[in-house]
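# Tertiary structure, described
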Amino acid sequence: MDKVRWGFLGAGSIANRLGEGLMQVDDAELLAVGSRTADRRQALAERFGVPRQYETYEELVQDPDIDVVYIATPHNLHREHSILALEAGKPVLCEKPFAINVAEAADIIAVARQRNLFLMEAMWTRYLPVPRAIKGIIDDGVIGQLTMMVGDFGFRGARSARSRLTEPALGGGALLDIGIYPVSFAAYLFGGLPTRIETLGHLEGGIDERSGILLGYPDGGLAICYSSIRDNTPQECLLFGSGGEIRMPTPWWLTDHFHLKVDGEDWRRVESGLIGKGFAHEVMEVNRCLKVGLLESPDMTWSHTMGVMTTLDTIRAQWGLRYPME
């Protein structure tokens, strides 16, 4: 495989952002886009010089020249569209959240396993150089045992606007859209599922507007995560270990450096490479996995995705938040 030929299922804002990253990867080609919304489809195709357009998703996944399909539709459609592509024999990169709940996630993974096809959750921040470098530092014990993480993601959205973010039928709310970032990062750094989950959420109009989440891990590790679509939060991530600290600056999910302090030493800035606005790294990881024949990325395994979805389900259950399709 010389170039990996991509097909985008969906043409909204997140598809455009991945398209920007894909253009920065030499062995990637955006071959086709499928969308039922003509103006979005045409705009994306014109912007990135996409040679093939499809009016239906069914036509897109049947294109024999596409090597991988990127699912960029709203949360509530991820299960349907991922399975559509997998059953057509296409490897899949599915936008986060991977599904509405863990049951849907299990359905998608079951089809990928049955078809022996590559499948990965598009948690784009996971593939950036800084998170990978920090994971290595923690695993090597540079700051001792990781004892606590504090991470947030919040912004003040307009109350009057009705959008994918605020529609219960689309899986709206802060948790699945942005709260998932610190929750997933905590699972990555601590290396598994929390053994304790305590949360408070403010619900309005069938969605969560803001929440605070406390996750407890084996050996006493704690992660404090909070998110909001009604408040501008610091957008920082702080990590504390038994022998040092790490500070990730605003916005912590898209930074080219971090600050490290080992006990007995001064703070030092650690630089890490970043291509553009970050999405290129996700494309590069998909291409790498496909070329060496992996079914899942070591940085985003199916078990990790299932673990995060299980945590999100538990959090929503504590709030009594169920979406209309559940």
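Residues numbered from 1 in each chain as written. Predicted model: local features only at pLDDT ≥ 70, side-chain atom pairs only at ≥ 80, totals over all residues. Heavy atoms only, no water.

Counting its secondary structure elements, the protein contains nine helices and 14 strands. Computed over its C-alpha atoms, the radius of gyration of the protein comes to 19 Å, within 12% of the 20 Å expected for a compact globule of 326 residues. For the protein, the spread of C-alpha atoms along the three principal axes comes to 60 × 45 × 35 Å. In the protein, which comprises 326 residues, the share counted as buried stands at 54%. Across the protein, the fraction of contacts at a sequence separation of at least 24, relative to all contacts at a separation of at least 6, is 66%. (Helix = DSSP H or I, 4+ residues; strand = E, 2+ residues; numbered from the N terminus. Rg over C-alpha atoms; globule rule 2.2 N^0.38 Å. Buried < 20%, exposed > 50% of the residue type's maximum accessible area, 1.4 Å probe, protein only. Contact = heavy atoms within 4.5 Å.)

Glancing now at the pattern of salt bridges. For the structure shown, the criterion picks out 17 salt bridges. A salt bridge links K291 to D27; the nearest nitrogen and oxygen atoms lie 2.8 Å apart. On the criterion of sequence distance, the pair formed by K291 in helix 8 (residues 279–292) and D27 in the loop between helix 1 (13–22) and strand 2 (28–34) is long-range, its members being 264 residues apart. With a closest N to O distance of 2.6 Å, R164 and D177 form a salt bridge. One end of the pair, R164, is in the loop between strand 7 (146–154) and helix 7 (174–190); the other, D177, is in helix 7, and 13 residues separate them in sequence. (Salt bridge = Lys/Arg side-chain N within 4 Å of Asp/Glu carboxyl O.)

What follows covers the environment of R268. In this structure, R268 sits in strand 14 (residues 268–271). The spatial distance from the C-alpha of R268 to the C-alpha of I246 is 9.8 Å, given a sequence separation of 22 residues. Residues in contact with R268, not counting those within four places in the same chain, are F258, H259 and L260.

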